[in-house]
Each structure stands twice: as structure tokens, then as C-alpha cells.
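Survey of secondary and tertiary structure
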Amino acid sequence: MPPRECEICHTNRAQILRPKNHARICAPCFIAIFEDEVAETVTSTNLFNPGERVAIGASGGKDSTVLASVLKTLNDRHNWGLDLVLLSIDEGITGYRDHSLEAVKRHSEQYDLPLKIVSYADLYGWSMDQVVAQVGKKGNCTYCGVFRRQALDRGAAMLGVGHVVTGHNADDVAETVLMNLLRGDLPRLSRATSIVTSTPSAALPENGEGEIKFTNVKRSKPLIYAYEKEIVMYAHHKKLDYFSTECIYSPEAFRGSARTLIKNLERIRPESILDVVRSGIDMAKLVPGAEEQNSQRACGGENKAAAAKTDEGDGLGGCGSSKESGGEMAAMEQKLLQDEEAQANGNEVEIKMPKKTVNSQNGVARDTQDAADAEIDVKNGQQQSPAQQTVPIRTKEEKKSRKRGKDAPPPKQKLGQCERCGYLSSQSVCKACVLLEGLNKARPRTGIEVGGGD
Amino acid sequence: MAGRRNLPPADKSLCRRCQSPDTAITVRTEPLCKACFDKYVQTKVVKRMETFRVKNSEPGKEKTLLLPLSFGPCSTALLYTLSRHLKNQIDKSGRPGFKLHVLHIEQPDEPPAQPLLDQLQSRFPEHTYAAVPLASITSLPHLLPSTLQPPSSLASLLSTLPTPTARADLSAHLLRKLIAHHARETHSAAILLGDSTTRLAERALAETAKGRGFAVPWLVSDGPISSAPTPSEAGDGQGEIPTYHPLRDLLSKELVPFVAFAEPPLTPFLRTASESQAAPAAMKNSTIDALTRGYFAGVEEEYPSIVANVVRTTSKLQAREVGAGELGCELCDVPLEGAAPERSRLCWGCVRTMQGVGAAS
């Protein structure tokens, strides 16, 4: 059988089978169509304003490398007039980030784009190596994720850039959709699929003459409809030099589970990755209160490894802690079981009390319940025997306020600013500042100096 | 307080409810004996049947509820528990709250169902029974999408589809349409599906993967939905028949032993689905439904609450309001607005399923 010819140009030999539509095409046609499709995504969503300064979140990995290359190409080709810069975060992980940053430095030269590297050490006074030395290998990913989210925003503000693009691809987004379905996290489900995820104050008028503050940086994912496979193929055929930046990172159990599902779905029906993305977009509209949320809430924390770990942080197993087992899923199973138990028992106990005392015994079982359940309990409780009225219980108000800090954010959060650093947070002090406080407590206030003439 | 369940049991190996030493199964960390397990399942089903209580029915004019039976453990368990429920209703108040009509849809490759239905009828003579071959859908062309016209045989219809996933998807929708059609024919007030929690979670995930995320709320919720789409089978003025899932609080792994424990045994009525549903060796030849089935089979073993949580979460999604006169998808009957390419009579998910049909015909 003679080699198949390209379905587009009908001259070259077909080298590539596109997963999204089974088209067999040649490499030059593939590169052209890949770029056209990204351009289509950008123009159909009005992603950029003419002349806008845009920072490309660059890790040196395949996704951000392809994103930088494609945006540079398209910007020149279509005269979008974008002022592109590369923005890298240096977590300070020796043997991993230092190598990938070398790749980013080469890209900066190759594509003639200025590069800004923001390091954790500069921003927080702690590199990840130091954090690991302090807290150990378990749970350090929580720090990394929380820090990274702010770092991109702060780095962008330093550059005077109001818009950061990240290399999230269709596979990543599909994975996040399934993961949030599995964890039952509707607010995140509704945020995962939006191509632009701006922080709430981005909707506010820019202060002064468009001065950029780190609290109003817009995030977007121009590669949201691009298959991971095609990104790899694009990088290969364009001979892009990238660094494989897989951290010594073990995925969270839910993400790992979702990733396996996505890979298997792709094998069964390659189109299904985009179908999951589409489903996610459609389901986001069905989440109660979705529209309000999408316009008001801080979002876009999905930063690869740090994916769902926004500033509101879920304490559940960071990448490090889930290494041993499916820790995260087991933890959630446990929590759900306790919820059920608390609900079953709660119906038998009187909990509505005028007194504002805390009953630690019941508090434990009920900690995890959400406010709605608490209300049911109260209702049922009222109908029950008055004999139980002697049991002192935490009241609803107290319960609600305690809940804030827990995972699974309540349906509505008030977003304010961290009183220490001014970053967006639903609590008085943001997660990063809380983590930093813990770290700094253990660090001597002044370094030990040797010698030095006095 | 009596009945507090968090009292530590005298012995962890005893039945958590009656302290009998003969425990038969562990249900969500609680060891239970056969009798208590039986009561557990029965209670969960009865709780979901509140709409059809005796006081809601008119004496002598009980509503007919359609129970599609596949001879699998779940639908068989539903038939069994509802039969007992009806008996209890009669014992307590002298009359039933509803009538059951059992319908089996014969798959193309399965042996005739009549002998099994006859046996069931002698065991549960109070219900009516019917068997309809899936292939009969071709004689009801108004149920089929216009792209599949004119319908020939079911086999040739399915063979026009290139992938196992598409074939399974089309069959499932034809099955659903045929059940709904039969429900209308028999003037049934509702359809009672034997979907367990596990099954609902599987379907929610599978439909998401097939691009029908927007339809998930209709799929997993119970009862009449105000914004339900108009069925494509227009003209008989009946509108949509509400669907209920009385087994929605039970896991598949609980229903399999439940059926096995029944006395006298229900096992003669079970058909092992494993032969036709066995996963093929190569992932490529598998189906999306089989993938999610396998996935949740694994999850429900270790993390049953997570399965239940998926169903609970997806049930919280709010189905979109449907405009008056809005068209439904010709295959899956969900409203098309925003869910389909322009001028298409099929939604995105069904466009995907029917991909290649035009090319083949």
C-alpha cells in the first residue's frame, strides 16, 4: 500500500494522525493548522486587547514552550501588537528548577522576548529547598502551590503586566473537570473550564492610569483546546528545545485517578478529551450560583502541579503526602463517612440552644458538616424530645465561622484582602502568610554571626 | 439515648444492629447479619417510594409503574423489594399504593425471555409482564433520528456505526426510547429504573466523557422535572413520563449479595451479563461505558462514600430552564438549545455517536 498523502495539501506524505478528528496530515500542514487553531481560540474569545502587555508563564516545559513559540509566531503574523514577556518562577529546587530555567533563558534569546524570573527566596525569604529542610519532604507541595499562585501575580505586577497566560492544555482541563466531579467540588468545577479566570478586583476599574496591582492580574489559557499529544508533536516538528519539568511530583490521588481515566478515554475515543472539556463548560453553567461566582471569585489557581490549590487552600494531601497511598481519597472517604454518621446521629440529638457554649464532643463529629446539614439538624432537633435540651452545643454562627478555614469552601465566601500582604483572601490572613508565619517562627530572628569586629 | 448508633458495639464481629453473631456482610464499616442487611436494603428502597404511598392512590385505580427488568442483580433486586413493599402495603392498609408492570427489552443476541418471565410470573403473580425485542424499534420510525431513516434492521443500523462506544451509546438510547414508548402505551405513571448509586455515578461520568455534561442533571435526578425536554415522540400529548431510581441509595456491591441472600433464591432469574459485557482485551475496542463501569467498580470497593458523593454532587446541578417549544435532540431527547451545532437536530454527544453514519450510508 502506498503511503497515504496528506489530507490537506495532497502532496506530502501524511505523518500525523490528529486525535481530535482522525485527519492524516503532513508535518507542515499540522504546524499551520495547530497555529491557526490557537489563533482561532484567541480571536473568538477576544482574549487580548491590541497592544496589551502579556506575560507568558514559562516553566521551560513543553506546554509553556509551545505557548511562547506559538504566541510569538502569531503575534508577528497577525500584527496583534502584543508586548510579550516571559515570566518564570524560581521555586529554588536545586537539580530541577535550575535546569529548566536554563531552557527558559535560551527561549528568551531565541524568541527575542524579555525574561523575568521571580524567586520564592526574593518574595518570601524562603526557597523550596529551605522549606523542605524545615518541614521535611511531606507536605511541602502545599507550600509550593500556595506560594506559586501569588508569585505569578506578583511577578506580573512587577513587570507592569495585567495578563498572564499559562500553558494549560485540553488534557489538563479535562483532568480537572473529572477530578472535581470525583471530589464533588462544584465551585471548582465551574471555574476549571473558563478560558479566562480573572481575580475579582480585575473587574474593578483599574486604579489611576491603569496601574497594575498584583491583585488584579488576569489569567488565561490559550491552549485550552489543544491536545497534549499535539503539543508534543508541535514541539517535536518545530524542533523546540524544552525541558521535561516533571517535578519530583506525585499527583494527588484524585488527579492521578482522573489522569488515568483521561488517558484511557483517549485510547477508546480520542475526541472524548474535548468532549469532557465541553461537558465541563456546560456543567459549569448548571452549578447553582455559577454566574455570580465566575465573575466575582478569585480563580485561576490551576498551576499545573499546584492545580486546585488556590489560596483558599485545601489542606488535603499535598503532592508529597499522598505519595505513600491513595491518602487523599482515603481521607475524603473518612470525612464523608463521618458526615453521614454525624447526620444520622444529629437527627436524634437536640442541638439548638440559646446558650453559646461549645460542646467539644459533638463538635468533633460535626466539624465536617456543611451549614445546610447543620440547619437540618437544628430543624429535626427542635421536633425532638425537650429532655435533650441540656446538651450544650456550639451554635450555628460559630460553626459557620469555624468552617471557613476548612476545605470544601462553603457556597459563598466573602473575598477580602489579606491584612498582612494585601493578597485576595476570604480570611483575614491569606494562606501564604499563615504558612510563612509557621516557617518564620522556627527561624532565628537574626542570623548567627561569627567574628566581625565590634 | 436509645438507638444511638455511635455506641461502641459489645463485640466488633457481631451484627451492629441486633448483636447476632452470624454476620453476613459489612455495609459501610458496619457488620450486619442477613436479616438486618435485608431490612437495610428494603428500608432504603421504600424511602424512595414515598410518592407512591397508599394514601396517595385512589382505591381500585392505582397507578401503573413500569419496571424495566434486565435480569441483572439490580433490577431483579428492585422487583423483589417492590413486591414485598406492595405486600406490606396490602397487609397494613388493605390495598396497594401502585401496580407494577414488568417490561423486559430483549437484546439482539440473547435467548428468548418468555420462559424466564413465566417463571417470574409464578413467583410474583401480582404483576403484569411483557417482553419486547429491541429490534422492534425499527417498526417505530418516529422514535428514530431522521439521519437513520429509513430504518432497516437493528443490526444494520448498528453496523453503520464505526466504534463500539458509538454502538453501545446508540443501543442504550434506543432502549431508553423503547421503554418510554412502552410506558406511554401502557399509560404508566412513572418508570422505575433499577440504577444503583454506582450505576448512576458511572452514567454521570460516562455522559460527561461523551460530551453530554449538560444532560447529567436530567439523568441522575428523580421524579418529574419542571424543565424536562419534550420528547421527540410528539403528538400523543402525554409529555414526559417521570423516572425514579429507587435503588439510588444502594451500591452495586450491596445489591449483588442482597439478591443472593433472598429466600427462596432469586438466582434462577438472574442472567449473568458478564458474557456480553466482558471487557475486551484492547482498550481501543472497549467502550466509554465499560471504562467508567470498571472504574467505579474499583472505587466502590475501597471508597463507597466517594461513589455516593459523585451522585449527590451531580444531583445538585440545576437543569436549565427549557423554552416553550424548544426542540429536543432526536436521539437522546435533551433540549438542543446551546447543546448542539447550528441547525442540527442532534446534540453534540449524539453528533459524536452518529459520526460516520452519513459517510457509511
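Cut-offs and rules
- Residues numbered from 1 in each chain as written.
- Chains lettered and ligands numbered in written order.
- Predicted model: local features only at pLDDT ≥ 70, side-chain atom pairs only at ≥ 80, totals over all residues.
- Heavy atoms only, no water.
- Helix = DSSP H or I, 4+ residues; strand = E, 2+ residues; numbered from the N terminus.
- Buried < 20%, exposed > 50% of the residue type's maximum accessible area, 1.4 Å probe, protein only.
- Contact = heavy atoms within 4.5 Å.
- Areas by Shrake-Rupley, 256 points an atom, 1.4 Å probe, with all protein chains shown as cover.
- Buried area = accessible area lost by both parts, 1.4 Å probe.
- Salt bridge = Lys/Arg side-chain N within 4 Å of Asp/Glu carboxyl O.
- Expected span 1.5 Å × (residues − 1).
- Phe/Tyr/Trp six-rings, centres within 6.5 Å; stacked < 30°, edge-to-face > 60°.
- Lys NZ or Arg CZ within 6 Å of the ring centre and 35° of its normal.
- Axes fitted to C-alpha atoms, helices over the stretch in contact; angles between N-to-C directions.
- Parallel < 35°, antiparallel > 145°, perpendicular 65-115°, else oblique.
- Nonpolar A, V, L, I, M, F, W, Y, C, P; charged D, E, K, R; others polar.
- Core = buried A, V, L, I, M, F, W, Y, C linked by side-chain atoms within 4.5 Å.
- Polar contact = N/O pair within 3.5 Å; in protein donor to acceptor, adjacent residues only side chain to side chain.
- Pairing = 2+ DSSP bridges.
- Right-handed = clockwise from strand over helix to strand, strands pointing away.
- Disulfide = S-S within 2.5 Å.
- pLDDT = per-residue confidence, 0-100.

**Focus on the overall build of chain B**
Secondary structure assignment for chain B yields 13 helices and 7 strands. Taking all 361 residues of chain B together, the buried fraction comes to 52%. In chain B, of all internal contacts separated by at least 6 residues, the share reaching a separation of at least 24 is 68%. Of the roughly 16,200 Å² that chain B leaves accessible, carbon and sulfur atoms contribute 55%.

**Some thoughts on the interface of chain B and chain A**
If you look at the interface, chain B gives 46 residues, while chain A gives 40 residues. Of the roughly 4,000 Å² buried at the junction of chain B and chain A (both faces included), carbon and sulfur atoms supply 63%. Viewed at the interface, chain A and chain B are joined by 2 salt bridges. The partner of Arg352(B) in a salt bridge is Asp275(A), with the nearest N and O atoms 2.6 Å apart.

**Looking at helix α6 (residues 140-159) of chain A**
It helps to recall that an α-helix has 3.6 residues per turn; residues three or four apart then point in one direction. Residues and elements named next belong to chain A. Under the 1.5 Å per step criterion, the end-to-end length of α6 is 28 Å for 20 residues, consistent within 8% with the ideal 28 Å. Summarising burial for α6: 19 of the 20 residues are buried, a large majority. Remark: Gly-160 follows α6 within two positions and exhibits a positive phi of approximately 70°.

**Quick notes on the packing of aromatic side chains**
For the structure on display, the rule yields 14 aromatic pairs over all chains. Seen from their ring centres, Phe52(B) and Tyr244(B) are 5.2 Å apart, and the 80° between their planes marks the pair as edge-to-face. In this pair, Phe52(B) is assigned in the loop between α1 (34-47) and β3 (63-68) and Tyr244(B) in strand β7 (residues 243-244), connecting sequence segments 192 residues apart. Each member of the pair, Phe52(B) as well as Tyr244(B), carries the same accessibility label: buried. The positively charged end of Arg278(A) is found above the aromatic ring belonging to Trp348(B), 3.6 Å away from the centroid.

**Overview of the packing of α1(B) against helix α2 (residues 73-93) of chain B**
Angle between the axes and distance between the axes are the two parameters that describe a pair of packed helices. Residues and elements named next belong to chain B. Interhelical geometry of α1 versus α2 gives an angle of 80° and a closest axis separation of 10 Å. Compared by their axis directions, α1 and α2 come out roughly perpendicular. Contacts between α1 and α2 pair Asp-38, Val-41, Gln-42, Val-45 and Val-46 from the former with Leu-78, Thr-81, Leu-82, Arg-84 and His-85 from the latter. Class assignment for the residues of the contact of α1 with α2 results in 5 nonpolar, 3 polar and 2 charged.

**Points about the nonpolar core**
The biggest cluster of nonpolar side chains holds 87 residues, and the ones touching the most others in it are Phe34(A), Phe48(A), Ile56(A), Leu178(A) and Phe296(B). It is helix α7 (residues 170-183) of chain A that provides the largest number of residues to this core, a total of 8 residues. Apart from residues no more than four positions distant in its own chain, Phe34(A) is found in contact with Val66(A), Val70(A), Ala226(A), Glu230(A), Ile231(A) and Tyr234(A). In this structure, Ile25(B), Cys74(B), Leu86(B) and Leu266(B) belong to the second largest nonpolar core, which totals 43 residues.

**Overview of unusual backbone geometry**
For the bond running from Glu263(B) to Pro264(B), omega is -15°, close enough to zero to count as cis. By secondary structure assignment, the location of Pro264(B) is in the loop between α8 (252-261) and α9 (274-277). In this structure, His10(A) is a non-glycine residue whose phi angle is positive, near 55°. With respect to the secondary-structure elements, His10(A) resides in the segment before β1 (16-17). Backbone geometry at Gln19(B) places phi at a positive 65°, although glycine is not the residue there. Structurally, Gln19(B) can be placed in the segment before β1 (23-27).

**Concerning α7(A)**
Residue and element names in this part refer to chain A. With 14 residues, α7 extends 20 Å between its outermost C-alpha atoms, agreeing within 8% with the 20 Å of an ideal straight helix rising 1.5 Å per residue. Summarising burial for α7: 14 of the 14 residues are buried, a large majority. With a side-chain oxygen positioned 3.0 Å from the backbone nitrogen of Asp-171, the residue opening α7 is Asn-169. Looking one or two residues beyond α7, the residue adopting positive phi is Gly-184, at roughly 65°.

**Comments concerning the pattern of salt bridges**
Residues and elements named next belong to chain A. Summed over the entire model, instances satisfying the criterion amount to 44 salt bridges over all chains. The partner of Arg-183 in a salt bridge is Asp-185, with the nearest N and O atoms 4.0 Å apart. The two residues Arg-183 and Asp-185 agree in class, both being buried. What you see here is one network of salt bridges that share partners, running through Lys-62, Asp-63, Asp-171, Glu-228 and Lys-263.

**Some words on the environment of Leu66(B)**
Residue and element names in this part refer to chain B. With respect to the element layout, Leu-66 can be found in strand β3. Overall, Leu-66 belongs to the buried group, its relative accessible area being 0%. For the pair Leu-66 and Leu-192, spaced 126 residues apart in sequence, the C-alpha separation works out to 6.0 Å. Dropping the residues within four chain positions of it, Leu-66 is found in contact with His-101, Leu-103, Ile-179, His-182, Ala-183, Ser-188, Ala-190, Ile-191 and Leu-192.

**A closer look at the pairing of strand β4 (residues 83-90) of chain A**
Residue and element names in this part refer to chain A. Most of β4 sits out of view: 6 of its 8 residues are buried. Judged from the 5 bridges that link them, strand β3 (residues 53-57) and β4 form a sheet pairing that is parallel. In the strand pairing of β4, Gly-57 is matched with Leu-87. In this fold, β3 hands off to helix α2 (residues 62-78), which returns the chain to β4; that crossover is right-handed. Where β4 and strand β5 (residues 115-119) come together, 5 bridges link them in parallel fashion. Each residue of the ladder has a partner; that of Ile-89, found in β5, is Val-118.

**Quick word on the state of the cysteines**
Residues and elements named next belong to chain A. As enumerated under the stated definition, the model contains 0 disulfides over all chains in all. Cysteine Cys-26 remains unbridged, with the sulfur of Cys-29 as its closest cysteine sulfur at 3.5 Å. With no disulfide of its own, Cys-430 lies 3.7 Å from the sulfur of Cys-421, the closest cysteine sulfur.

**Description of the confidence of the model for chain B**
All names here are of chain B. Residue-level pLDDT values for chain B average 86, and 89% of them are 70 or greater. Mean pLDDT per element in chain B: α9 is the minimum at 48, and helix α6 (residues 197-209) is the maximum at 96. Of the two predicted TM-score estimates for the complex, the pTM is 0.81 and the ipTM is 0.88.

**With respect to the confidence of the model for chain A**
Residues and elements named next belong to chain A. Summarising the model, chain A shows a mean pLDDT of 75, and 67% of its residues fall at 70 or more. Helix α1 (residues 27-44) holds the highest mean pLDDT among the elements of chain A, 96, whereas helix α15 (residues 371-383) holds the lowest, 40. The model gives residues 293-325 a pLDDT under 50, and that stretch makes 101 contacts with residues more than four places away or in other chains. Taken as a whole, residues 356-411 scores under 50 in pLDDT and shows 83 contacts with residues more than four places along the chain or in a different chain.

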